[in-house]
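Observations on the three-dimensional arrangement
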Amino acid sequence: MNKKMTIVLISIALTVFAVFGFYNAQQLKSIQITKSITIRKSKEEVFHMVQYLNNFPKWSPFLAQDPTQKYKVTGIDGTIGAKYHWEGNKGKDIGLQEIVSITENKSIKMVCDIQKPFVAKPTFYYSFKTTKEGILVTQSFQLESGLTDAFFMWLFSVKNKMEKTNEQGLQLLKKSLENI
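Here's a quick rundown of the structure. (Residues numbered from 1 in each chain as written. Predicted model: local features only at pLDDT ≥ 70, side-chain atom pairs only at ≥ 80, totals over all residues. Heavy atoms only, no water.)

Right, let's get into the nonpolar core. Among the nonpolar cores identified, the biggest contains 32 residues, and V50, M110, Y126, F128, V137 and L173 are the most heavily contacted of them. Breaking this core down by element, the ones donating at least two residues are β1 (30-39), α2 (43-51), α3 (56-59), β3 (83-88), β5 (107-116), β6 (123-130), β7 (135-144) and α6 (158-178). Top contributing element to this core by residue count: α6, with five residues. With near-sequence residues (within four places) excluded, V137 lies in contact with K35, S36, I37, I39, V46, Y126, S127, F128, L170 and L173. (Core = buried A, V, L, I, M, F, W, Y, C linked by side-chain atoms within 4.5 Å. Buried < 20%, exposed > 50% of the residue type's maximum accessible area, 1.4 Å probe, protein only. Helix = DSSP H or I, 4+ residues; strand = E, 2+ residues; numbered from the N terminus. Contact = heavy atoms within 4.5 Å.)

Here it is, written out as structure tokens:
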């Protein structure tokens, strides 16, 4: 095969890869991940574990993944406007999450402002429901992004990693409350 034919084949392969990637990325421009877990504790105990940001280190999947992560809470903990700031991975992960809505013993909404390793503003919504088995905690994660960011999320399978991290967080929440 000559050099010209090799260049043409490589160009075609790259074009097909890009088209396939951007096609798949369209589906990742809006990511919604919903996970639930049942915890055998009172609704107040479960609700307060999520509401008070000083409790987050007890069940944070990010801190479990990076125990050297630095964090602090600003504002009045457990109230609208309270913020949990983090810096991890030797300064490569930086961001904060802020409580933006609280309905006592029913729901909490938090908005994140991730600055590194990428810029994103995901939303976490927690709801709490009493069942026969215990308190059902449902975490809904929402992320909107542009096509280029979505392409890289597709390329690096970021949604799968997010799903595993969200599941890990709920498992750690359960463990921290039930002392399993």
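Further remarks concern the environment of S60. Among the structural elements, S60 can be located in the loop between α3 and α4 (61-65). You can call S60 buried: its relative accessible area is 2%. It is 9.4 Å that separates the C-alpha atoms of S60 and T165, two residues lying 105 residues apart in sequence. Here the side chain of S60 touches L63 through a polar contact of 3.0 Å, landing on its backbone nitrogen. (Polar contact = N/O pair within 3.5 Å; in protein donor to acceptor, adjacent residues only side chain to side chain.)

Turning to the pattern of salt bridges, a few remarks are in order. By the definition in use, this model includes three salt bridges. Between E178 and R40 there is a salt bridge whose closest N-O contact spans 3.4 Å. Of the two residues, E178 sits in helix α6 while R40 sits in the loop between β1 and α2, which places them 138 residues apart along the sequence. On the basis of relative accessible area, E178 is assigned to the buried category, the value being 14%. Here E178 makes a salt bridge to K174, at a shortest N to O gap of 3.3 Å. (Salt bridge = Lys/Arg side-chain N within 4 Å of Asp/Glu carboxyl O.)

Of note, E163 is situated in helix α6. A sequence separation of 128 residues divides E163 from K35, and the C-alpha atoms of the two residues are 8.3 Å apart.

What follows is about the pairing of β3. By the alternation rule, side chains of β3 split into Y84, W86 and G88, which are all buried, and K83, H85 and E87, of which none is buried. Sheet topology note: the strand β2 (residues 70-74)/β3 ladder contains five bridges and is antiparallel. By the bridge assignment, Y71 is partnered in β3 with W86. Note that β3 and strand β4 (residues 93-103) share six bridges and pair antiparallel. The partner of H85 across the bridge, within β4, is L96. Hairpin connection between β3 and β4: a loop of four residues separates the two successive antiparallel strands, and N89 in this loop has a positive phi of roughly 50 degrees. (Pairing = 2+ DSSP bridges.)

The next thing to look at is the pairing of β4. Pairing of β4 with β5, which is carried by nine bridges, proceeds in the antiparallel orientation. Bridge pairing links E98 to V111 in β5. The antiparallel pairing of β4 with β5 creates a hairpin that spans three residues between the two strands, and N105 there sits at a positive phi of about 60 degrees.

Two aromatic rings are characterised by how far apart their centres lie and by the angle between their planes. In total, this model carries seven aromatic pairs according to the counting rule given. Measuring from ring centre to ring centre gives 5.0 Å for F47 and F128, while their planes differ by 65 degrees; the resulting arrangement is edge-to-face. Placement of F47 in helix α2 and of F128 in strand β6 is noted, with a sequence separation of 81 residues between them. F128 shares its class with F47; the two are buried. For the ring pair F56 and Y84, a centre distance of 5.0 Å and an interplane angle of 90 degrees mean the geometry is edge-to-face. (Phe/Tyr/Trp six-rings, centres within 6.5 Å; stacked < 30°, edge-to-face > 60°.)

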